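Coordinate inspection notes
If you want the building blocks of each chain, they are given just below.
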Amino acid sequence: MFQCPICEEDTSIPVGGASFLPQNLHLGFEVEVAGYMSKMVNNSDVACDHCIDGGNGPAVVFCCTCHQFLCKVAYEYHRTGLHLSKHNMVGLDQEGARQLHTTMKPRDHYCSQPNHEDNKLNFYCETCSLLVCRDCTTVTHKSHLVKEISTVAKTHQMEITEALEDAKDVVTKLTGAIDGNNRMIEQVVISKQTSILAITQAFEILQQTLEERKKTLLSELEAISLSKTTALTLQKEQFEKMVGDIGHYTEMASQILQTHTDHEIVALGGLIPTELQATLKRVHTISLTSNQHSNIPVSVQTVDLVTQLSKLGEIIVFFFSPSSTTWTSTAVARVGTRYHVKVQSKNSEGEEYPHGGVEVKGEMRSKTHNEAVVYGEVEDHRDGTYTITLIPQTAGPHQLLITMNGQHVQNSPNDLDVRPKRDYHTLCNAQKVIQCDGPYCVAIHDNGDIYVGRDDDCIYVFHQTGQRKNTIGSSGSGDGQFSSPSGISIKGDVLYVADTDNHRVQKLTSSGKFLHKFGHQGSDQGQFNRPMAVIIDANNKLIVSDCDNHRIQIFNENGGWLLTIDGKSSGSHSFQSPWGLALDPQGNIHVAACGSNTIKVFTKEGVYVRMYGDPNHPSGIAIDGEGYSFVSEYGGNCLSIYDPEGNKIHTVGNLKNPSGTALDPRDGSVFIANYGADTVLKYCVSKVNVM
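Keep in mind that this is a model prediction, so the values were computed, not measured.

What counts as what
- Residues numbered from 1 in each chain as written.
- Predicted model: local features only at pLDDT ≥ 70, side-chain atom pairs only at ≥ 80, totals over all residues.
- Heavy atoms only, no water.
- Buried < 20%, exposed > 50% of the residue type's maximum accessible area, 1.4 Å probe, protein only.
- Helix = DSSP H or I, 4+ residues; strand = E, 2+ residues; numbered from the N terminus.
- Pairing = 2+ DSSP bridges.
- Axes fitted to C-alpha atoms, helices over the stretch in contact; angles between N-to-C directions.
- Disulfide = S-S within 2.5 Å.
- Polar contact = N/O pair within 3.5 Å; in protein donor to acceptor, adjacent residues only side chain to side chain.
- Contact = heavy atoms within 4.5 Å.
- Core = buried A, V, L, I, M, F, W, Y, C linked by side-chain atoms within 4.5 Å.
- Parallel < 35°, antiparallel > 145°, perpendicular 65-115°, else oblique.
- Left-handed = near helix turned anticlockwise from the far one by under 90°.
- Nonpolar A, V, L, I, M, F, W, Y, C, P; charged D, E, K, R; others polar.

1. Describing the pairing of strand E26 (residues 494–499)
- Counting buried positions along E26 yields five of six residues, so the element is predominantly enclosed.
- Here six bridges tie strand E25 (residues 485–491) to E26, and the two strands are oriented antiparallel to one another. When the bridges of E26 are listed, isoleucine 490 appears paired with leucine 495.
- Taking the residues that link successive antiparallel strands as the turn, the E25-E26 hairpin has two residues, and the phi of glycine 492 there is positive, at about 65 degrees.
- Of the pairings in the sheet, the one linking E26 to strand E27 (residues 504–509) comprises six bridges and is antiparallel in character.

Printed below as a string of structure tokens:
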């Protein structure tokens, strides 16, 4: 091993000797240029490279084409020569040296192998990583992988271009990260000022509270002191009066004894002892001890308080981790419709980060339209959660990108399907796909099969063309038998049936094989009184409308009771006779309260959210991925459509006691169990794209 004197890279001598070492032609050219520049600026005579003996004097110019120093004679020859007149010349001074880099070009490279000196290096041996001539390709490198240098150069040019593009992308990302850090530094400063204000305000409140408490205690102390002083003063005045009275009578008695005659003493003697004895008696009846204690004790327990104050407050150090941060949204978006992404920031341990203030961004990029980029609006809830709202403008495959402080969160980027917007205002042309007696309810399988519960206590399966494929169950109370199957839900190849008049829910395969059942008639937890509908949420929890018990019950997938939403409670969240059920994109439960003529909305935890609509005995309800609700009105003989905010946008009439509603998961078509007309109707949805 030895170190290259030009690039200082450690290398070893090839088997063929030093002549087979890889050439760094660019560095070699730079060394060559540097040598010429040194000769041009050192102010010493430079010999002419053109003249054999240099007898025509020193060089006066440098030919950048020939790479030669030329004297006056050689220069004149170059200037007038047929093929030499176009050569580039520079003077031998500082300016000429500066021009050398831009004017001088590398000359052709020739082979250094013996007898190959006149051959240009127009080939590249990839086996040896070496420039070679044509003769070398037939001798030393005969069995090696050899390509023309132009081909290799193109490949390297492409690689360099790609590397430059990659570098550009990386620099862009780094610049974005730097900008993100700068913004974060600004946010840290702002957060610091906010925290200083919070700390200052908190301690000002404490100081104010302590000062007010001090004033209160001093005021109470003053009142108690005044009370004691007043009581003691009154007692003292009473004692002083008694002393005065006794003194008065004793003085009178002394004077009588000293100056009065026997007749006077006899006349007054009875009065004075009586008054004096009465006064003395009063003294004996009262306490001569002070009626107030002089001490006014105060108790200000400061030890625990000081300890608590010494630990009051906490600077929370909690670092969020973008790679651990999670988000939720639906897999499908609609053109021109708000698409919501909920972000939960977390630390590296996966614990929820409880504070806001992080820079969160959301983008939606089309994979087919490079210019179609949608930037989201971000709402910081200040508790570690964020909501990103985006409105896609083109249909097709997209990428959803979510970043925190310039770094991608977990599962970002992520593929997103943006579909054309549906126009429910034009929902009017019905197709009668099935003619059958008394259809209670309808559900659509992922494969397009139509399941219909009928009043003959069976469930019929139809092909999407309307042709019957299968019959499930029969009338009865045994396993797999039904009595008024009023609600059907399908998830995968599992079928759930609200077996209304058997007061239970049955679980079957989509082909009709019985799997499980739960519930029986009653009003206790897990019991039913005519369940009308059953739906399955994303966590496989079963939600059942317990109609005549006026409540909603939630179960695990095995039928274990979890929660009850009681409609009999007073207040705005009360409801009567719930029929249809549906889940919106946020997982909220929409209840078609047939007996209350409204739609009530609850969270999956049973918390009341809102109500909407004024349907006439709503029976069935279905909700699409955008949050539009489709409510069949048994008493109104129509289908009402509501936007995600609960505003009615369209009504489809000419129905007869519609009792069930379902959506085709493939294209959003609306199916109605038109009970009174013995038909199942299908409404196709128009699509409107926004470009």
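2. Quick notes on the pairing of strand E29 (residues 531–536)
- Within E29, six of the six residues are buried, which leaves the element mostly enclosed by the surrounding structure.
- Bridge count for E29 against strand E30 (residues 542–546) is five bridges, and the pairing is antiparallel. Directly across from proline 531, in E30, lies its bridge partner aspartate 546.
- From the end of E29 to the start of E30, which pair antiparallel, there are five residues, and asparagine 540 there has a positive phi angle of about 65 degrees.

3. Focus: the sheet that holds strand E43 (residues 679–683)
- Strand order in the open sheet formed by four strands is E20-E43-E42-E41, and the pairing between neighbours is antiparallel. One side of each edge strand has no neighbouring strand; the edge strands of this open sheet are strand E20 (430–435) and strand E41 (658–663). Strand after strand, the sheet turns through a mean of 25 degrees between neighbouring axes, direction not considered.
- Looking at chain direction, E41 and strand E42 (residues 670–674) are connected through five bridges and run antiparallel. Looking at E42, one finds that glycine 660 is bridged to alanine 673.

4. Here we look at unusual backbone geometry
- Following serine 412, the chain continues to proline 413 via a peptide bond in cis, the omega torsion being 0 degrees.
- Considering the arrangement of structural elements, one finds proline 413 in the loop between strand E17 (407–408) and strand E18 (414–419).
- Here the phi dihedral of histidine 503 falls at roughly 55 degrees; this positive angle occurs in a residue that is not glycine.
- Looking at the element boundaries, histidine 503 is found in the loop between E26 and E27.
- Using a relative accessible area of 12% as the deciding quantity, one classes histidine 503 as buried.
- The residue asparagine 637 is not glycine, and still its phi comes out positive at about 55 degrees.
- Turning to its location among the elements, asparagine 637 is positioned in the loop between strand E38 (629–633) and strand E39 (638–642).

5. Considering the state of the cysteines
- Within this structure, the stated rule accounts for zero disulfides.
- You can see cysteine 436 has no disulfide; the closest cysteine sulfur is in cysteine 441, sitting 10 Å from it.
- Classification of cysteine 436 as buried rests on a relative accessible area of 5%.
- With no disulfide partner, cysteine 458 has as its closest neighbouring cysteine sulfur the one in cysteine 436, 12 Å distant.
- Using a relative accessible area of 9% as the deciding quantity, one classes cysteine 458 as buried.

6. Some details on the sheet that holds strand E36 (residues 608–612)
- The four strands are arranged E33-E34-E35-E36 in an open sheet whose pairing can be described as antiparallel. Two strands in the sheet have a free side with no partner beyond their single neighbour: strand E33 (578–583) and E36. Between one strand axis and the next, the sheet turns by 25 degrees as a mean value, whatever way the strands run.

7. A closer look at the side chain of aspartate 449
- Here aspartate 449 lies in the loop between strand E21 (439–444) and strand E22 (450–454).
- A polar contact is formed between the side chain of aspartate 449 and the side chain of lysine 469, at a distance of 2.9 Å.
- Residue contacts for aspartate 449: discarding those within four places in its chain leaves Ala443, Ile444, Val461, Phe462, His463 and Lys469.

8. Concerning the nonpolar core
- With 20 residues, the main nonpolar core has Tyr339, Val341, Leu390 and Ile402 as its most contacted residues.
- The contact partners of tyrosine 339, leaving out residues within four places of it in the chain, are Ser329, Thr330, Ala331, Val332, Ala333, Met364, Ile388, Thr389, Leu390, Pro392, Leu400 and Leu416.

9. What to know about the packing of helix H5 (residues 149–259) against helix H7 (residues 271–285)
- It is at 10 Å that the axes of H5 and H7 come closest, and there the two elements cross at 155 degrees. Relative to H7, the element H5 is oriented roughly antiparallel. The interaxial crossing formed by H5 with H7 has left-handed handedness. Packed against H5, whose contacting residues are Met242, Asp245, Ile246, Tyr249, Thr250, Met252, Ala253 and Ile256, the element H7 presents Ile272, Glu275, Leu276, Thr279, Leu280, Arg282 and Val283 at the interface.
- Across the contact of H5 with H7, the residue classes break down as ten nonpolar, two polar and three charged.

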